[in-house]
Amino acid sequence: MRIATWNVNSIRSRQEHLLRWLAAAQPDVLGLQETKVEDGLFPQAAIEAAGYETAISGQKSYNGVALLSRLPLEDVRIGFAALLPGDQEAEQLGEQKRVISASVEGVRILNLYVPNGSDLKSDKYNYKLAWLNCLNRYLTVQRQQGEPLCMMGDFNIALEDIDLANPSRHNGGIMASAPERQALRACIGTDLEDAFRLFETEAGHWSWWDYRSGAWDRDQGWRIDHIYISEELQQLAMGCMIHKSERGELKPSDHAPVSIDIGDGAEEEDNF
DNA sequence: ATGACTAGGTCACCTAGA
């Protein structure tokens, strides 16, 4: 099973990119972030025609997440509140559409668009930290359900200094500050692993390049799009890659897709 | 220290992204 995540920076501006990439990369499940469209205007028909069913949670202009799958999407859950009934903050945070999850072949897929935070001195930064704390409460409930977990999305955090091109310049700033890194590490816990780092330990691998300043041409990026998997899936993980060439297309998203290949056990036996 | 680009929305400058 190939599972992927992609911040498309507007589904309507990226529809042709998306359809081309689905055909080329053949993901079974794809989590999208920043769809930037209310549900009624989501281009569902074109995606279904490509063989993918959809689960969407969008809003006008900002945010918005979706799951696309060519395997059945089961038990779709939208927002933190789905697992945190009575949690006032989960309810509040649900105004921004950043969380969608579904079960696919027994794997719980959690697709996230973590707030950017803007600036350490801004209210948005506090919102980001509160959001991550709420994610932690959500994950406590999710873990109790005992499903293998694949948590992915645009985390807007470079966890380590090797995850950004210019750590000294951005030292402690937004997407690289200690409090947000700690808040994300608390969510990851000891059971989840950053799938990309199971296969690649070196610096120099980015998933986002700023549109400005020729960041793409200079390959000055950040690795802020992640896939975290629980222990059962770590055993079956066969590879994790960043589809960097997507960022070099005409009118690209500023993020590249990231995918993981998970064997089903039977597949591995066939290979040996 | 700031801005650069891109997208959406109300409409030609603004907010927001990261």
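- Looking at an unreviewed UniProt entry, one finds chain A named Exodeoxyribonuclease III and attributed to Synechococcus lacustris str. Tous.

A word on the packing of aromatic side chains
(1) Moving on: Evaluation of the coordinates by the stated rule reveals five aromatic pairs.
(2) Moving on: Where Trp-209 meets Trp-216, the ring centres are 4.9 Å apart and the plane angle is 85°; that geometry is what we call edge-to-face.
(3) Moving on: Given a relative accessible area of 25%, Trp-216 falls into the partly exposed group.

Things to note about the sheet that holds strand 8 (residues 149–154)
(1) Moving on: With mixed pairing, the six strands of this open sheet are ordered in space as 5-6-7-8-12-9. In the strand order of this sheet, the two ends are held by strand 5 (74–78) and strand 9 (193–194), each with one partner.
(2) Moving on: As defined by bridge partners, strand 8 adjoins strand 12 (residues 225–229) across five bridges and the pair is classed as antiparallel. The residue of strand 12 that forms the bridge with Gly-153 is His-226.
(3) Moving on: In the packing of helix 4 (residues 123–144) onto the sheet, contacts are made with strand 5, strand 6 (99–104), strand 7 (107–113) and strand 8, and the angle to strand 7 comes to roughly 175°.

What about the protein's contact with DNA strand B?
(1) Moving on: The environment of DNA strand B is formed by 25 residues, the closest being Ser-10, Glu-34, Ser-61, Asn-116 and Ser-213.
(2) Moving on: Sugar plus phosphate: this is where 64% of the atoms of DNA strand B within 4 Å of the protein reside.
(3) Moving on: Residue classes in the surface near DNA strand B are distributed as six nonpolar, nine polar and ten charged.

Notes on the pairing of strand 14 (residues 258–262)
(1) Moving on: Along strand 14, four of the five residues are buried, which leaves the element largely enclosed by surrounding structure.
(2) Moving on: As paired strands, strand 13 (residues 237–242) and strand 14 are joined by five bridges and run antiparallel to one another. Looking across to strand 14, one finds that Gly-239 is bridged to Asp-261.

A short note on the packing of helix 4 against helix 6 (residues 178–188)
(1) Moving on: At their nearest, the axes of helix 4 and helix 6 sit 9 Å apart, and the two run at 10° to each other. On the basis of the axis angle, helix 4 is roughly parallel to helix 6. Listed contacts from helix 6 to Tyr-125, Lys-128, Leu-129, Leu-132, Leu-135, Asn-136, Leu-139 and Arg-143 of helix 4 are Pro-179, Glu-180, Ala-183, Ala-186, Cys-187 and Ile-188.
(2) Moving on: Taken together, the residues of the contact of helix 4 with helix 6 sort by class into ten nonpolar, one polar and three charged.

Focus on the environment of Leu-135
(1) Moving on: Inspection of the secondary structure assignment puts Leu-135 in helix 4.
(2) Moving on: Aside from chain neighbours lying at most four places away, what touches Leu-135 is Phe-80, Leu-110, Leu-112, Met-151 and Cys-187.

What counts as what
Residues numbered from 1 in each chain as written. Chains lettered and ligands numbered in written order. Predicted model: local features only at pLDDT ≥ 70, side-chain atom pairs only at ≥ 80, totals over all residues. Heavy atoms only, no water. Phe/Tyr/Trp six-rings, centres within 6.5 Å; stacked < 30°, edge-to-face > 60°. Buried < 20%, exposed > 50% of the residue type's maximum accessible area, 1.4 Å probe, protein only. Pairing = 2+ DSSP bridges. Helix = DSSP H or I, 4+ residues; strand = E, 2+ residues; numbered from the N terminus. Contact = heavy atoms within 4.5 Å. Axes fitted to C-alpha atoms, helices over the stretch in contact; angles between N-to-C directions. Near = heavy atom within 4 Å. Nonpolar A, V, L, I, M, F, W, Y, C, P; charged D, E, K, R; others polar. Parallel < 35°, antiparallel > 145°, perpendicular 65-115°, else oblique.

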